[in-house]
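Residue strings, one per chain:
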Amino acid sequence: MPDASASQLPEGVPTIRVIAMPTDTNPAGDVFGGWIISQMDLAAGTTAAFRANGRAATVAINGVVFLEPVVVGDEVSIYTSITRTGRSSMTIHVQTWRRARHTHLTSKVTEGDFTFVALDENRRPRALPPATACNSPGITPTV
């Protein structure tokens, strides 16, 4: 498994870190791709809700690519970055990286783009609020 070098490091904000467990495997014994996508959606949803200052829903998942398998015991880290915003929607690029247990070796295993729409209290699309330090992931507001 390749080592993450200076030319190949995770992009975005670290959003979720979890250990792959035996219950997350497919019949072949590798971690199930659906489990990885659900973790990616959770991470993207966290970023979307933060940027929307409220509820946001997944409306599309595009370009998901599985680059290598994840095995039980791997530490799975998911990084997110907002790549586009519209009136009510946003696209979040998600990268999933694995670190083999008991090593420092990391590699990118999955990436894709998730589109979310900000929702109002009636679950209807609403305009995104202006971007500020308080709703832009990776920016810590000063007090």
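Up top you'll find the structure we're talking about.
Our subject in this report is the structure included herewith.

Rules of the game
- Residues numbered from 1 in each chain as written.
- Predicted model: local features only at pLDDT ≥ 70, side-chain atom pairs only at ≥ 80, totals over all residues.
- Heavy atoms only, no water.
- Helix = DSSP H or I, 4+ residues; strand = E, 2+ residues; numbered from the N terminus.
- Buried < 20%, exposed > 50% of the residue type's maximum accessible area, 1.4 Å probe, protein only.
- Contact = heavy atoms within 4.5 Å.
- Pairing = 2+ DSSP bridges.

1. A short note on the environment of Arg87
Thinking step 1. Residue placement: Arg87 occurs in the loop between β3 (75-85) and β4 (89-99).
Thinking step 2. Overall, the relative accessible area of 57% leaves Arg87 in the exposed class.
Thinking step 3. On a C-alpha basis, the gap between Arg87 and Arg126 in space is 7.9 Å, while along the polypeptide they are 39 residues apart.
Thinking step 4. Look past the residues within four positions of Arg87 in its chain and what remains in contact with it is Arg126, Ala127 and Leu128.

2. Some details on unusual backbone geometry
Thinking step 1. The phi torsion at Asn53 lies on the positive side, around 55 degrees, for a residue other than glycine.
Thinking step 2. Along the chain, the position of Asn53 falls in the loop between α1 (33-52) and β2 (56-66).
Thinking step 3. The backbone of His102 sits at a positive phi, close to 70 degrees, despite the residue not being glycine.
Thinking step 4. Along the chain, His102 falls in the loop between β4 and β5 (106-118).

3. Some remarks on the pairing of β4
Thinking step 1. Counted residue by residue, β4 has 10 buried out of 11 residues, so it is predominantly covered.
Thinking step 2. Alignment of β3 against β4, held across 10 bridges, turns out to be antiparallel. Along β4, the bridge assignment pairs Thr80 with Val94.
Thinking step 3. Two successive antiparallel strands, β3 and β4, enclose a turn made up of three residues.
Thinking step 4. The pairing of β4 with β5 spans 11 bridges and is antiparallel. Across the sheet, the residue bridging to Ile92 is Phe114, located in β5.
Thinking step 5. Hairpin connection, β4 to β5: the antiparallel pair is bridged by six residues, and His102 has positive phi, about 70 degrees.

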